[in-house]
Amino acid sequence: MSLLKIAMAVFSLALGNSHSPSLAFNVVSQNHPVASSWVGSAGGLTLDISFEQGVDSIYARGTYKVATSKHVGCGGESLASNGFVTMRAHGTRNSFQGHLLFGSGWTPPVTGTATGSGGIRVDIHSVDRGLCTLILRKATAPTRPARP
């Protein structure tokens with residue numbers, strides 16, 4: 001599994017250089033943390049992710065948490081209580097389609113659309129468990145205390 005994570009990281013970094021700064025998502029850099037992330041919950045699943053826009057692709061990486069009830073509703077009941085998640089999708093902020101990859105190896109299909117209120121509606125699809133819908137909202141980074 002760790003070989004898959006390394007391969008995905010290398011692939012993401014290699015393709016990450018083709019982003020356009022005029023697009024709506026923040027540019028993610030390994031050396032400079034992003035000032036904001038997108039956060040949303042559905043049932044027992046919470047995502048906290050940052051987006052990177054390529055020419056015609058969107059990449060995201062972040063973390064997830066599952067409530068102790070494990071009632072995710074779209075097939076994620078076998079997820080660990082928390083971990084890392086990435087997304088690879090085709091499209092733009094207004095509309096994208098792709099897959100999420102949770103640290104456990106679960107790779108559900110995902111679609112997303114911009115909402116009228118500035119959020120992002122994310123639908124996580126499952127063949128046998130139905131749909132989870134999250135509305136991601138832009139969250140500002142916590143304020144760091146001043147150094148003495």
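Residues numbered from 1 in each chain as written. Predicted model: local features only at pLDDT ≥ 70, side-chain atom pairs only at ≥ 80, totals over all residues. Heavy atoms only, no water.

> Looking at this model, I keep getting lost on the overall build of the protein chain. Mind explaining?
Secondary structure summary: the protein chain contains 1 helix and 8 strands in total. By the burial criterion, 36% of the 148 residues in the protein chain qualify as buried. Across the protein chain, the fraction of contacts at a sequence separation of at least 24, relative to all contacts at a separation of at least 6, is 44%. Accessible surface computed for the protein chain: about 8600 Å², of which carbon and sulfur atoms make up 57%. (Helix = DSSP H or I, 4+ residues; strand = E, 2+ residues; numbered from the N terminus. Buried < 20%, exposed > 50% of the residue type's maximum accessible area, 1.4 Å probe, protein only. Contact = heavy atoms within 4.5 Å. Areas by Shrake-Rupley, 256 points an atom, 1.4 Å probe, with all protein chains shown as cover.)

> Is there a simple way to think about the state of the cysteines in this case?
Disulfide: a covalent bond connecting the sulfur atoms of a pair of cysteines. Under the definition given, this model contains 1 disulfide. Residue cysteine 74 pairs covalently with cysteine 132 via a disulfide, S to S 2.1 Å. Its S-S torsion of approximately -105 degrees makes the covalent link between cysteine 74 and cysteine 132 left-handed. Of the two residues, cysteine 74 is situated in the loop between strand 3 (57-66) and strand 4 (82-92) and cysteine 132 in strand 8 (residues 130-140); the sequence distance between them amounts to 58 residues. (Disulfide = S-S within 2.5 Å.)

> Please explain the environment of serine 126 as it appears in this structure.
Note that serine 126 resides in strand 7 (residues 120-126). Sequence separation between serine 126 and glycine 73 is 53 residues; the distance between their C-alpha atoms is 9.0 Å. When residues no more than four places from it in sequence are discounted, the contact partners of serine 126 are Cys74 and Gly75.

> I would appreciate a short explanation of the pattern of salt bridges in the present structure.
A side chain with one charge may pair with a side chain of the opposite charge, provided their charged atoms come close. A full pass over the atoms with the stated rule returns 2 salt bridges. Here arginine 61 ties to glutamate 52 by a salt bridge, and the two come within 3.0 Å at their closest N and O atoms. Under the relative-accessibility criterion, arginine 61 is labelled partly exposed at 24%. By relative accessible area, which is 4% here, glutamate 52 ends up buried. Ionic pairing is found between aspartate 123 and arginine 121, a salt bridge with its closest N-O pair at 3.2 Å. (Salt bridge = Lys/Arg side-chain N within 4 Å of Asp/Glu carboxyl O.)

> Help me understand the nonpolar core, please; the structure alone is not making it clear to me.
Buried together is how nonpolar side chains tend to be arranged in soluble globular proteins. Of all hydrophobic cores here, the largest spans 27 residues; its most connected members are Phe51, Met87, Phe102 and Ile124. If near-sequence neighbours (up to four positions away) are discounted, methionine 87 is found in contact with Phe51, Ile58, Tyr59, Ala60, Phe96, His99, Leu100 and Val110. (Core = buried A, V, L, I, M, F, W, Y, C linked by side-chain atoms within 4.5 Å.)

> What is the right way to look at the side chain of glutamate 52 in this model?
Structurally, glutamate 52 can be placed in strand 2 (residues 45-53). Side-chain polar atoms of glutamate 52 contact the side chain of arginine 61, separated by 3.0 Å. (Polar contact = N/O pair within 3.5 Å; in protein donor to acceptor, adjacent residues only side chain to side chain.)

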